[in-house]
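# Structure assessment
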Amino acid sequence: MELKTSRSLVFGVNGEKFELSYVDPSTTLLQFLRTHTNVKSVKLGCGEGGCGACVVLISKYDPVHDRVEDFTASSCLTLLCSIHGCSITTSEGIGNSKDGFHPIHERIAGFHATQCGFCTPGMCVSLYGTLVNAEKTNRPEPPSGFSKVKASEAEMAIAGNLCRCTGYRPIADACKSFAADVDIEDLGFNSFWRKGESKDLKLSRLPQYDKNHSNVRFPLFLKEINPFVSLASEEHYWYSPTSLKELQTLFALNQANEARIKLVVSNTGIGYYKDDEGYDMYIDLRGVSELSIIRKDQTGIEIGAAVTISKAIEELKEDSRSDFHSDYTMILEKIADHMNKIASGFVRNTASVGGNLVMAQKHHFPSDIATILLAVDSMVHIMTGTQFEWLTLKEFLERPPLRFDSVLLGIKVPSLEVSESEEPRSRFLLETYRASPRPLGNALPYLNAAFLAKVSPCKDSVGTVIDTCRLSFGAYGTKHAMRAKNVEEFLAGKLLSASILYDAVNLITATVVPKDNTSHAAYRSSLAAGFIFQFFNSLIDRSRITNGYLNGHANLSSVKDFGLAENQKQVHYDKTPALLSSGKQVLEEGTECQPIGEPVIKSGAALQASGEAVFVDDIPSPKNCLHGTYIYSSKPLARVKSIKLSPELQLNGVRDIISSKDIPDGGQNSGSKIVFGQEPLFAEEIARCVGDRLAFVVADTQKLADMAANSAIVDYSLENLEPPILTVEDAVKRSSIFQVSPFLLPTQVSDVSKGMAKADHKILSSELKLGSQYYFYMETQTALAVPDEDNCIVVYTSSQSPESVHSNVARCLGIPQNNVRVITRRVGGGFGGKFVRSIACATSCALAAHKLRRPVRMYLNRKTDMIMAGGRHPMKITYSVGFKNDGKITALNLEILVNAGIYLDVSPIIPRNMIGALKKYDWGALSFDIKLCRTNHPSRAAMRAPGDVQGTYIAEAIIEKVATTLAMDVDSVRSINLHTYTSLKEFYGGSCGEPHEYTMPLIWSKLNDFADYEVRVEMVKEFNRINTWKKRGISKVPVMYEVTQRPTPGKVSIFSDGSVVAEVGGIELGQGLWTKVKQMVAFALGAVQCDGIDGLLDKVRVIQSDTVSLIQGGITAGSTTSESSCAAARLSCDILVERLKPLKEKLQKEMGSVNWETLILQAYAQSVNLSASSFYVPNSISSRYINYGAAVSEVEIDLVTGETRCLRTDIIYDCGQSLNPAVDLGQIEGSFIQGLGFFMLEEYETNLDGLVLVDGTWNYKIPTLDTVPQKFNVQILNSEHYQQRVLSSKASGEPPLLLAVSVHCATRAAAKEAKKQLLSWTNLDGPDSTFQLEVPATMPVLKELCGLDIVQTYLKWKMATK
Ligand SMILES: Cc1cc2nc3c(=O)[nH]c(=O)nc-3n(C[C@H](O)[C@H](O)[C@H](O)COP(=O)(O)OP(=O)(O)OC[C@H]3O[C@@H](n4cnc5c(N)ncnc54)[C@H](O)[C@@H]3O)c2cc1C
Ligand code: FES
Ligand code: FES
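Residues numbered from 1 in each chain as written. Chains lettered and ligands numbered in written order. Predicted model: local features only at pLDDT ≥ 70, side-chain atom pairs only at ≥ 80, totals over all residues. Heavy atoms only, no water.

## Let's talk about the UniProt feature "binding site: substrate" (unreviewed entry) in the protein chain
Mapped onto the present numbering, the UniProt feature "binding site: substrate" (unreviewed entry) falls at R912. For R912, a relative accessible area of 30% translates into the label partly exposed. The contact partners of R912, leaving out residues within four places of it in the chain, are F743, L744, P746 and R1184. (UniProt positions renumbered as here; feature names shortened; annotations may be inferred. Buried < 20%, exposed > 50% of the residue type's maximum accessible area, 1.4 Å probe, protein only. Contact = heavy atoms within 4.5 Å.)

Encoded structure:
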């Protein structure tokens, strides 16, 4: 068949033309960009559309309207063949270091909005797409320097992008700075302006935005090509039919040869159904005009199946439909509003409405679109072969899965049938619902629902009659969306009352029942009851309906009676949080040691934004490079008999399977060897945990290696093996306990039995449990090993400890250490996860490279990374506490069973860290027994604030329990148990320093004012008194965190032109280490005191870590590596200054004055050694110290859904004399948000064998912009000078993570109010407030606490009180 299409694929990337005559149609745009172009900014973070790291702007010419359409898309899902005729713009395309950065890059840098920088290019392109499209609107021209974008849109631009480092606030500020409607005073701390400057001046200091600024224009050659392409090879076909006729012909032709056909629109479905591969022919449906129509007439609106969700939203919202009935217009708008919460902007821009419905029909995808369209009686148009038919959506969903030659052509939302004779006062109401872990940040719902009702006022009495209603539910663990017919029939014709609603709610709970094995089944059913209640209850409470909108209007009458300020009248039935986050940052710049103490912009921030910053996987592959990945165990304890791959893969580019058998003579099977112990690289015969490394499969491409590992068949045997140890209890029973050297253990305080004897009350053997957390670094584990001459090897690794990688590679290969060189430039987020695991990853590549004599690289896919990572230590805590009547605690005893997994890793640090953070209160006497249990789980590793975060949580849980037992205010119990300096010294010994270093009392009292705490406590009480369905809690929490400095090397060299390079042991993980070192070098070399040293900062470059150039680099962890690296750099500078000073003085005498460049030239001429190395070893007094901080958080819970919103957080954190307050601010905010993820969101589910079930962005939910505090205020306390610290500075990397416990405590306080109210409805005595709130306090957890049957209980109470 001759298709009227082009025979070669033509497209542009940042203006450069590409023309390809053959492409494997399963190739994604991301794969092409990363392997066939120089583009680095398009990062692979998840490969499933869930993170935004790979976002690009696609521009497409529309010849009919002679205009270019621009939209963002995830390149990891977009098929390369589908971009024929398009221009692709990446972050380095919109600006770069060579042609000039774009103002987006400059503002991102200036607002201090990057840390590791891995997410940043994707963020920039997401914003860029929004700006480009805002400029196309007919809004008034904005003032110069601004875009037409609104602040809310600018912020929403990044709502679906993940960042694990920054906490989003500074990124959101950078985005909002482009909006003409932003109040510039609301923007956060930045490097552009100073406090107190006028608005005009501030504005003028921003890098000016010009809508025409872009290095890339839509290339003309793309306007001239045939917009459709068909490609063919012996193996694969890609067709772009332009009509249904062509499509039918294609089906007919291929029916005979049984080709596997894939119909494709935008291919986003592959993000969810990843195994959906291996097709012979791809048919792109987007060119078929019938599938792209949008038709509107009196009968309704018809949307072609290939229309994107974004386009559908636009059309449904279009307000020029005066010919439609007003109720129908309202319905279309509501559908559009709901669609706006699906996925993220960059997915909606390409994902089609039809693709979504077919996924629901064929694969039972938990679709939102199916649910909402079902409630409005939508119709679908189908073509099967040559047959056409219209079906109701219900019939469509209930049919067997569509055949390969069945095509969904379009969907019709019929207009409302309003007959002339009908009661004129009757109205249609539509409401849609969606409960999901992140309301706007790309999360599938636990349940969605849509209710359409025709209601009218009762003729005979006051009240509302339900004439008819359609109630649809979906995504709750059911095959597809369904209508609750029984409830619809029950309600039809009824006058609404509490008792009718009560019956309806009970009926729906029995109807919406998830199928077996659905998670949170009871919660999902209870949501159905809650939504029904929300919809109909407002009709009972009020007899009038405003414009058909129920949102935000219910219950308002109850507010009127109270003299509350406007901001308290937040009854919120609105379900979409307005984003517009805001924050205040209070920080002081240090002036004594400039540029130390200045908020200098992060080194390389603009490069990170443009995407030019090079991460390991951005290093071009050397010639003949192979790619590897792991085959891991799926059994917790089993003998591995064999591993087999499918034969066709072996033929097609799979090169080897490396295992313990490949360890060379003289080498060791070593995955890592650190101070605490060693673990094997590969399991030998027996696999000891799920995720244990069995082998490393090496292939021509990463995709092939992943496919091979995925399809590997491992033959296991359990013969003669004990059952695995999967619980800590079992480990204790079977004496499977790791021994820890006594010098690593924390010390007990005083005598607990005496303390208990002093107590008026005792709580005995109370239990707590804590789960794990996954790092979710945006860059997964990665390495590249390149064999070199003479049995040497160079390894590039993303590691927190290149030194450990170095020694382990040599150990494994059996070669001397001087044959190995390990290079780490930057790490795309580590958080502890890139210490021990990175060693094994790099060693695996090195072993394969050594054996095959070819370069081997690996970029672990997200799923494998998650399954093997191990993560934070779960634990079980049993405690007994004694306390006085006034809340003073006299003794605490703890028994803690830590699940350490199979190998020791760094677990021995956990007891000390835990107790270090727990000792923040004066417990009177403290004893503990902490056991590190060896189980058949992946080894638990250090994760940011390892042990400390658990310790702080345990302390707060105990304080809360004491307060509850005494019926005291929790705050008073906290305050009464805060340390005095004397008790502090007793608990912490030497770490606590001098009395003036104990800044907690100062922070504690300052925080009251900063957070307006006392007033807000009262406001929260009042809010709770008048609101039934929302409850708030507020909590103020202190944290203390001990850190230890470690020895670190440094080296500083000065070139003949006066430029300087510094090397330090510390690795740049995003924490700003390079920036602080740069500042330190400029400061320390400044001591030479010659002219021109003011500009030294710009002359300093900190370079990648190279284990051959600088040995003994150690590990970057524990929050103190920045300061010790600074100290090491300073020592080197001191040596150089010492060498330069005599020369400077001599020259000064001769010349009057001498500038830096002259001095250095002369030093070269006189053979002064201008390179100096040093090794900083902290002295024993200063090496360990305590960090202090406190936070107030206020949280609101929705009692119907269990959803929480952190309304506001205020933090005061003591950074000592901050080395760089902008960097420290970023660390504080970012680590707090990571803590918030641990306490509130990140459910780390495993199966009984310990296999992690949360294996990607679909089910592991780190915070997004919509889940961070709406108001986030941070004050950095520049406390006094501490002679023993590095220029009086303190750490900021991990301790602030603990402050997030305040969100959990506030949530618990709100839940307590909810429980109290629930009990008041049931007339039971006294509040049941002894409950523990689990970690993480997810929506299902909270709903369960607030009462799964809360609406039933309420209605019963209402009926009874009536
Ligand atoms: C990160 C992410 C988050 C998401 N979140 C949500 C969410 O919260 N709620 C929600 O409802 N959805 C969500 N989705 C699903 C999303 O809406 C669908 O992936 C998308 O609409 C599918 O459209 P597509 O054009 O990409 O389809 P494709 O991926 O091209 O196709 C999907 C499937 O449908 C078939 N197909 C497509 N069109 C037709 C047709 N016209 N006739 C016959 N078969 C066809 C294809 O063969 C394929 O099997 C999410 C998706 C992603 C990637
Ligand atoms: S890599 Fe594409 S969205 Fe994550
Ligand atoms: S800066 Fe965003 S992920 Fe690191």
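Picking up where we left off.
## Points about the site of ligand 1
Within the structure, ligand 1 sits among 35 residues, and L263, T268, S352, D368 and R434 are positioned closest to it. Contacts to ligand 1 include L263, whose backbone N or O atom sits 2.5 Å from an oxygen atom. Between ligand 1 and G269 there is a distance of 2.8 Å, counted from an oxygen atom to a backbone nitrogen or oxygen. Bound to the protein, ligand 1 loses 98% of the 970 Å² it would expose on its own. Taken together, the elements giving at least two residues each to the shell around ligand 1 come down to β8 (261-264), α12 (353-363), α13 (368-375) and β14 (406-414). (Near = heavy atom within 4 Å. Polar contact = N/O pair within 3.5 Å; in protein donor to acceptor, adjacent residues only side chain to side chain. Areas by Shrake-Rupley, 256 points an atom, 1.4 Å probe, with all protein chains shown as cover. Helix = DSSP H or I, 4+ residues; strand = E, 2+ residues; numbered from the N terminus.)

## Structural notes on the packing of helix α24 (residues 802-813) against helix α25 (residues 836-852)
In the contact formed by α24 and α25, the axes pass within 9 Å of each other and the chain directions differ by 40 degrees. As the angle between them shows, α24 and α25 are arranged oblique. The two elements α24 and α25 cross, and the hand of that crossing is right-handed. Across from S804, V805, N808, V809, C812 and L813 in α24, the residues of α25 making contact are S838, I839, A842, T843, A846, L847 and H850. (Axes fitted to C-alpha atoms, helices over the stretch in contact; angles between N-to-C directions. Parallel < 35°, antiparallel > 145°, perpendicular 65-115°, else oblique. Left-handed = near helix turned anticlockwise from the far one by under 90°.)

## Some remarks on α12
For α12, a buried count of 8 out of 11 residues is recorded, marking the element as mostly surrounded by other parts of the structure. Along α12, the residues classified as buried are V353, G354, N356, L357, V358, M359, A360 and Q361. Here the buried face of α12 lies against α9 (309-317), α13, α14 (393-398) and β14.

## Considerations on the pattern of salt bridges
Evaluation of the coordinates by the stated rule reveals 71 salt bridges. A salt bridge links D62 to R67; the shortest N-O distance between them is 3.8 Å. Of the charged contacts, one joins K311 and E314 as a salt bridge, the two residues approaching to 3.8 Å between their closest N and O atoms. Remark: E314 and K311 occur in helix α9; sequence separation between them is 3 residues, near one turn of the helix. Since its relative accessible area comes to 31%, K311 is described here as partly exposed. Each of the salt bridges in this network shares a partner with another, and the network as a whole consists of K920, E956, E960, D971, R974 and R1308. (Salt bridge = Lys/Arg side-chain N within 4 Å of Asp/Glu carboxyl O.)

## Examining the side chain of N808
Secondary-structure assignment places N808 in helix α24. One polar contact links N808 to S670, side chain to side chain, over a distance of 2.5 Å. Among all residues touching N808, those that are not within four sequence positions of it are S670, G671, S672, K673, I839 and T843.

## Some details on the packing of aromatic side chains
In this structure the tally under the stated criterion is 42 aromatic pairs. Each ring, one from Y446 and one from Y523, has its centre 5.1 Å from the other, and the planes form 85 degrees; the classification is edge-to-face. Here Y446 is found in the loop between β15 (427-435) and β16 (447-457), whereas its partner Y523 is found in helix α17 (residues 521-541), with 77 residues between them in sequence. Here the two residues Y446 and Y523 agree in accessibility, since each one is buried. Each ring, one from F533 and one from Y1354, has its centre 5.5 Å from the other, and the planes form 85 degrees; the classification is edge-to-face. Taken as a pair, F533 in helix α17 and Y1354 in helix α39 (residues 1350-1361) lie far apart in primary sequence, 821 residues in all. Side by side, F533 and Y1354 carry an identical accessibility label, which is buried. Of the aromatic side chains, those joined through ring pairs into one cluster are Y433, F451, F473, F531, F535 and F536. (Phe/Tyr/Trp six-rings, centres within 6.5 Å; stacked < 30°, edge-to-face > 60°.)

## Quick word on the sheet that holds strand β13 (residues 387-392)
The strand order across the open sheet built from 5 strands is β10-β11-β14-β12-β13, with neighbouring strands paired in antiparallel fashion. At either margin of the open sheet sits one strand with a lone partner, and together these are β10 (294-297) and β13. Each adjacent strand pair in this sheet contributes to an overall mean axis angle of 20 degrees, direction not counted. Taken together, the 5 bridges between strand β11 (residues 300-304) and β14 define a ladder with antiparallel strand orientation. Residue pairing across strands places I301 opposite V413, the latter belonging to β14. (Pairing = 2+ DSSP bridges.)

## Quick look at the sheet that holds strand β1 (residues 9-13)
In a beta sheet, neighbouring strands pair by backbone hydrogen bonds and run either parallel or antiparallel. Read across the open sheet, the 5 strands follow the order β2-β1-β5-β3-β4; overall the sheet is mixed. Of all strands in the sheet, those bounded by a partner on one side alone are β2 (16-20) and β4 (67-74). Pairwise comparison of adjacent strand axes, ignoring direction, gives a mean angle of 25 degrees for this sheet. In terms of strand pairing, β1 meets strand β5 (residues 86-89) through 2 bridges, oriented parallel. By the bridge assignment, V13 is partnered in β5 with I88.

## Description of unusual backbone geometry
Cis geometry is found at the peptide bond from Q594 to P595, where omega equals 5 degrees. Inspection of the secondary structure assignment puts P595 in the loop between β19 (585-586) and α19 (605-610). A cis amide bond, omega -5 degrees, links V1335 with the succeeding residue P1336. Within the element layout of this structure, P1336 appears in the loop between α37 (1301-1321) and α38 (1339-1346). For A945, which is not glycine, the phi torsion reads 65 degrees and is therefore positive. You will see that S1167, though not glycine, has its phi angle at about 55 degrees, which is positive. Taking the relative accessible area as the measure of exposure, S1167 reaches 65% and is therefore exposed.

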